[in-house]
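Working through the structure, step by step
Single-letter residue listing:
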Amino acid sequence: MYRIHQIRLALDEPKENIPEKILKKIGGRDLFIREWHIVKESIDARNKNDIRRVYSVDFTAASRKNPKKALHLPSAEKLRLEIAPDLTYVPVECPENAPELKERPVIAGLGPAGLFCGLVLAQAGYRPLILERGKDVDRRREDVDAFWSCGRLDPDSNVQFGEGGAGTFSDGKLTTGIKDVRIRKVLTEMVRAGAPEDILYKQHPHIGTDLLRIVVKNIRQEILRLGGEVRFCTRMETVHCGSGSIRSITVRDLQNDRLTELSCQALVLAVGHSARDTFRMLRDVGISMEQKPFSIGVRIEHPQDLIDISQYGRPGRQLGLPPAEYKINYRCRADGPAAGRGVYTFCMCPGGQVIVASSQEGGVVTNGMSYHDRDSGTANSALLCDVRTSDFGSSDVLAGVEFQEKYERLAFEAGRNQNPGGKPYTPPRTSWGKLRDGQAQEVESCLPAFALEAFREAMPHLGRKLHGFDDDSAVVTAVETRSSSPVRILRGESCESAVSGLYPCGEGAGYAGGITSAAVDGIRVAEAIIRKWKPSGESTGVHSE
């Protein structure tokens with residue numbers, strides 16, 4: 001099978017024209033296309049008067065004179081075709097002489113990293129035990145709806161914690177900057193679990209929060225079918241080490257408030273970027289960690305038509321195109337008040353909405369979310385400024401956590417001041433024009449001065465890159481602090497920390513930045529466990545206190 005690029009269709013052309021386009025491109029008058037499938041679809045809107053869909057396609061061809069004879073490489077080389085790469089995921093194998101894993105591997109966290117680590121381990125026969133402090137996705141949704149409607153926060157079941165992790169209440173964006181053969185495994189498993197098949201080839205694939213809830217539930221059920229176990233409302237309280245290895249963990253059943261000690265040889269820490277109590281526990285028991293830079297900022301909203309017109313020339317719905325996306329950035333002047341800070345948009349949600357994503361009492365944090373159809377009529381994204389470890393003001397490994405908490409508490413207070421008598425956890429809002437001109441005290445009060453200066457310098461430049469982005473009426477909501485983890489839990493090439501059997505994993509541990517990269521890291525850690533140990537038929541040891 002061969003791969004060809006730059007197959008271009010007008011917006012009103014059906015995909016069924018692709019074989020004809022391939023033949024025209026390769027000059028194959030004596031050939032016909034026997035089989036073809038799309039591997040990438042993108043939109044070229046550089047010429048707004050002639051917007052095209054652009055495809056990369058894998059195909060086989062044969063001679064009309066001899067239909068049984070397929071086109072072979074010598075002919076393909078003349079036609080400048082590529083051999084289509086084989087993207088089939090090949091599971092790693094456990095070495096014959098590997099020691100037995102006496103206890104089932106334990107995974108703390110059921111976000112993308114924990115979910116895919118658990119799936120791959122279950123497929124290999126390891127029957128993992130997955131612990132999740134939050135609730136299953138259906139009960140979790142009830143808690144989140146109650147929080148959004150009346151401000152009743154459950155610190156263990158919310159937008160950050162619960163089945164599927166923080167990504168469950170997001171755009172379900174699967175775009176990633178990493179290059180890894182495991183990406184195809186992630187996307188394929190998601191399709192099997194109910195995601196749209198087009199995520200396999202869209203340039204900017206997304207699922208949407210509504211469909212993602214179905215997907216994560218179905219993957220969890222597959223883990224259970226393969227012999228794994230998931231315990232919801234179960235929070236890891238501490239880890240116990242001895243002679244340089246993990247020995248056991250203490251967990252709390254949050255429904256019965258009961259402590260249990262679990263024997264454990266292999267523990268995967270897929271706790272997410274908001275598990276601040278877990279980070280503190282790990283620091284206190286001596287697990288090696290380091291400070292990590294992150295970003296802080298706001299959510300900025302525009303009418304989706306404004307974004308579409310800037311990108312397409314007309315609203316997308318008039319052209320039969322999806323709501324337009326953007327990704328823009330600016331580097332501040334080195335000699336200016338923002339001292340070379342980077343400003344960029346992140347996690348853009350076409351046709352989405354801004355949500356409150358708090359997980360700690362007395363703190364407000366925002367995020368963006370979209371449903372699969374992206375039909376809200378409003379576009380939003382994070383507008384972020386980089387935060388350096390030198391900004392933390394402390395050498396403590398968790399100083400970045402404290403930095404985040406400070407500004408989330410300020411946002412909580414600013415929201416109460418702006419909306420006296422309103423429901424708790426209402427975030428402070430303003431317009432870009434007022435924030436630019438220093439007339440938005442509530443929003444200004446929950447941002448560091450360097451970020452405000454960076455945004456004021458960057459916005460005119462961003463507006464030139466995306467017409468209307470710096471419109472005075474753009475709605476700004478504070479504060480966004482959780483674009484990435486403020487800490488990295490150190491690990492070596494085997495994915496283990498200095499404590500044998502302890503596997504930091506995913507976004508919270510500092511090794512991913514989004515759903516897809518976190519899922520890929522979960523697979524990577526599962527492979528590391530498979531390479532080290534044979535699966536055991538024994539159950540995890542349980543000791544109640």
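Data block above holds the structure.
Predicted, not measured: the structure shown is a model, and the values here were computed from it.

Analysis parameters
Residues numbered from 1 in each chain as written. Predicted model: local features only at pLDDT ≥ 70, side-chain atom pairs only at ≥ 80, totals over all residues. Heavy atoms only, no water. Salt bridge = Lys/Arg side-chain N within 4 Å of Asp/Glu carboxyl O. Helix = DSSP H or I, 4+ residues; strand = E, 2+ residues; numbered from the N terminus. Buried < 20%, exposed > 50% of the residue type's maximum accessible area, 1.4 Å probe, protein only. Expected span 1.5 Å × (residues − 1). Contact = heavy atoms within 4.5 Å. Pairing = 2+ DSSP bridges. 1 Å grid on protein atoms, 1.4 Å probe; cavity = no way out; pocket = protein on both sides within 12 Å on 5 of 7 lines; lining within 4 Å. Points joined across faces, edges and corners; volume = space filled by probe spheres on them. Nonpolar A, V, L, I, M, F, W, Y, C, P; charged D, E, K, R; others polar. Axes fitted to C-alpha atoms, helices over the stretch in contact; angles between N-to-C directions. Parallel < 35°, antiparallel > 145°, perpendicular 65-115°, else oblique. Left-handed = near helix turned anticlockwise from the far one by under 90°. Arc of directions from axis to C-beta.

Before going further, it helps to examine the pattern of salt bridges. Going through the model one piece at a time under the given rule, you end up with 50 salt bridges. Across the pair Arg 3 and Asp 58 runs a salt bridge, and its minimum N-O distance is 2.7 Å. Of this pair, Arg 3 sits in strand E1 (residues 2–10) while Asp 58 sits in strand E3 (residues 52–63), placing them 55 residues apart in sequence. Residue Arg 3 is classed as buried on the basis of its relative accessible area of 13%. Here Arg 299 makes a salt bridge to Glu 480, at a shortest N to O gap of 2.9 Å.

Let us now look at helix H3 (residues 112–123). The terminal C-alpha atoms of H3, which comprises twelve residues, lie 16 Å apart, in line with the 16 Å expected from a rise of 1.5 Å per residue. Buried residues of H3: Pro 112, Ala 113, Gly 114, Leu 115, Phe 116, Cys 117, Gly 118, Leu 119, Val 120, Leu 121 and Ala 122, and no others. The secondary structure elements touched by the buried residues of H3 are strand E5 (106–108), strand E6 (129–131), helix H5 (182–192), helix H6 (209–225), strand E11 (267–269) and helix H14 (515–532). Following H3 by one or two positions, Gly 125 has its phi on the positive side, about 90°.

Below, the discussion takes up the sheet that holds strand E2 (residues 31–44). Strand order in the open sheet made by the four strands is E2-E3-E1-E4, with antiparallel pairing throughout. A strand with exactly one partner marks an edge of an open sheet, and here the two such strands are E2 and strand E4 (82–83). Relative to E3, E2 is paired through twelve bridges, and the arrangement is antiparallel. From the neighbouring strand, Asp 44 faces E3, where its bridge partner is Arg 52.

So, on to the layout of surface pockets. Estimated volume of the second largest pocket: approximately 280 Å³. Along the wall of the second largest pocket there are 17 residues; nearest its centre are Leu 87, Thr 88, Tyr 89, Arg 184 and Thr 188. Sort the elements by how many residues they give to the lining of the second largest pocket and H5 lands first, with five residues. Classifying every residue of the lining of the second largest pocket by side-chain character gives seven nonpolar, three polar and seven charged.

Turning to the pairing of strand E10 (residues 258–263), a few remarks are in order. When strand E9 (residues 245–253) meets E10, the two strands line up antiparallel, connected through six bridges. When the sheet's bridge partners are listed, Ser 248 is paired in E10 with Ser 263. In this antiparallel pair of consecutive strands, E9 and E10, the connection spans four residues, and Asp 257 shows a positive phi of 50°.

Within this structure, the stated rule accounts for one cavity of 30 Å³ or more. Here the largest cavity is characterised by a volume of approximately 60 Å³. Of all the secondary-structure elements, those providing two or more residues to the lining of the largest cavity are H3 and H6. Per-class residue counts for the lining of the largest cavity are eight nonpolar, two polar and no charged.

Another point: the sheet that holds strand E14 (residues 329–331). Pairing is antiparallel in the open sheet, where six strands are placed in the order E14-E15-E18-E13-E20-E19. One side of each edge strand has no neighbouring strand; the edge strands of this open sheet are E14 and strand E19 (429–431). Averaged over all pairs of adjacent strands, the angle between strand axes in this sheet comes to 25°, irrespective of strand direction. Examined bridge by bridge, E14 and strand E15 (residues 342–349) share three bridges and lie antiparallel to one another.

Another point: the packing of H3 against H14. A pair of packed helices can be characterised by two numbers: the angle between their axes and the separation between those axes. Where H3 contacts H14, the two axes come as close as 7 Å, and the packing angle between them is 40°. The angle between the axes of H3 and H14 places the two elements in the oblique class. Considering only the axes of H3 and H14, their crossing is right-handed. Contact residues: H3 offers Pro 112, Ala 113, Phe 116, Cys 117, Val 120 and Leu 121, while H14 offers Ile 515, Ala 518, Ala 519, Gly 522, Ile 523, Val 525, Ala 526, Ile 529 and Ile 530. Split into classes, the residues belonging to the contact of H3 with H14 amount to 14 nonpolar, one polar and no charged.

When helix H8 (residues 304–312) is considered as a whole, its buried residues turn out to be Gln 304, Ile 307, Asp 308, Ser 310 and Tyr 312. Buried residues along H8 cover an arc of 165° about the axis, so they all sit on one side. Tucked into the core, H8 has its buried residues touching E2, strand E13 (294–303), helix H9 (316–319) and strand E18 (378–387). Backbone geometry just after H8 places Gly 313 at a positive phi near 95°.

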